[in-house]
Each structure stands twice: as structure tokens, then as C-alpha cells.
Amino acid sequence: MIRPEVKTLAWKWREVLFAAAVAGLGLWWGAVSFGVMVWLGYGVAAVAVMLGIAAAQKVRFRGDSDGPGVVVLDERRVTYLGPEDGGVADLDLMVQLDVTPAPAWRLINGDGNYIDIPTNAKGVEVLFDAFTALPGLSTEHMLSVLQRTKPARMTVWMAPDHRPYKQVH
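All figures in this text were calculated on a predicted structure; none of them were measured in a lab. (Residues numbered from 1 in each chain as written. Predicted model: local features only at pLDDT ≥ 70, side-chain atom pairs only at ≥ 80, totals over all residues. Heavy atoms only, no water.)

Next up on the list: the packing of aromatic side chains. Counted under the stated rule, the structure contains 2 aromatic pairs. Between the aromatic rings of Trp39 and Tyr42, the centroid separation amounts to 6.5 Å while the plane-to-plane angle is 70°, which identifies the pairing as edge-to-face. Here Tyr42 and Trp39 lie together in helix H3 (residues 36–61), a separation of 3 residues that amounts to about one turn. Owing to a relative accessible area of 65%, Trp39 belongs among the exposed residues under this scheme. (Phe/Tyr/Trp six-rings, centres within 6.5 Å; stacked < 30°, edge-to-face > 60°. Helix = DSSP H or I, 4+ residues; strand = E, 2+ residues; numbered from the N terminus. Buried < 20%, exposed > 50% of the residue type's maximum accessible area, 1.4 Å probe, protein only.)

Right, dumping it as C-alpha cells:
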């Protein structure tokens, strides 16, 4: 009896909604308990809020639909299997991360080779944790670049002491 668009929206934000429910439970527990249980309840609420913030960032990262191809992350190696192309990128060899106007993630390694992964490919959410592990990457900057209209390729992250590639593709 739930409208399909409400169900879809709730499913997309399910982790945030769960964190909010746990935070509410922790606050209630802290308010009605006494002694050590008060602090335990407020602690649960604080942890749930932090997890909710992280979940909200992942929702902003995740594409709105299942796009072309599949992304797999295994042992810091990203594999993209697309309908017409694909590729493999080792995160340890990556020197630059861009967002193209397609929109797609462009993972560039040290020798200039790259793969483009659509931002709405199936399984693209596994890249969130991989990208946040890159040294010096700002998660909020990455999410803001992802949500902007992109008339041109935009660099999200670059390895320290590395010069950007000027590719014409």
C-alpha cells in the first residue's frame, strides 16, 4: 500500500533511516534510564549519528539508477565490465581521479592509462570506500564535484608530487 516512489526513496536512504532509528532509540534509552545506562544510551545515539552521516555521504555518492556495466573491487583492484568496454585499475598505482562530463569516474595510473567507469554503474558504491582511502582526498569535495554539472573533466584527487595529465579523448 506504499507508493512506489516513496518505497524507492526509502530503500535508497535505508542506511540513513536505520541510523536515525538507532539514534532515536539511544536518545530514548538515555532519557528514561538511570546510572551507567544513561551514558550508554547517549553513546549509542552518538555512534548512530556518526554512522548516519557516513551513510548519507554514501547515498550522495551512489548513482540514481543501475547504469551500464558492473564494478568489482577486490584487493585494491577495481574491475569495470562494461557493455562495450571495460578495464582494470590498481588503486596503488593510481595518480589521478577525475569526473568526466559523461558522467564517469576516470581512474588514471602512473603511465597515463585510464579507465572510465560510469557514475551510475551497478556496484559503483564500492568505490566510495576505496576513494576515501586515497591520501589527502576530501570526501565533501569529491561529493560536491560529483553533483555539479560538468561541462568539462574535473580533477577530484591527484597523488602528491604529481602533475595532471592533459588527455584529449
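Before going further, it helps to examine the sheet that holds strand S4 (residues 94–100). Where strands meet in a sheet, backbone hydrogen bonds hold them as pairs that are either parallel or antiparallel. Strand order in this open sheet of 4 strands is S6-S5-S4-S8, and the pairing throughout is antiparallel. Each edge of the open sheet is held by one strand with a lone partner, namely strand S6 (114–118) and strand S8 (154–158). The average angle at which neighbouring strand axes cross in this sheet is 20°, direction not considered. (Pairing = 2+ DSSP bridges. Axes fitted to C-alpha atoms, helices over the stretch in contact; angles between N-to-C directions.)

Let's shift gears to the packing of H3 against helix H5 (residues 139–147). Direction vectors running N to C along H3 and H5 enclose 30°, while the axes themselves pass 10 Å from each other. Comparing the axis directions of H3 and H5 gives the class roughly parallel. Our pair here, H3 against H5, has a crossing hand that is left-handed. Only Thr139, Glu140, Met142, Leu143, Ser144, Leu146 and Gln147 of H5 make contact with H3, whose side of the interface consists of Gln57, Arg60 and Phe61. (Parallel < 35°, antiparallel > 145°, perpendicular 65-115°, else oblique. Left-handed = near helix turned anticlockwise from the far one by under 90°. Contact = heavy atoms within 4.5 Å.)

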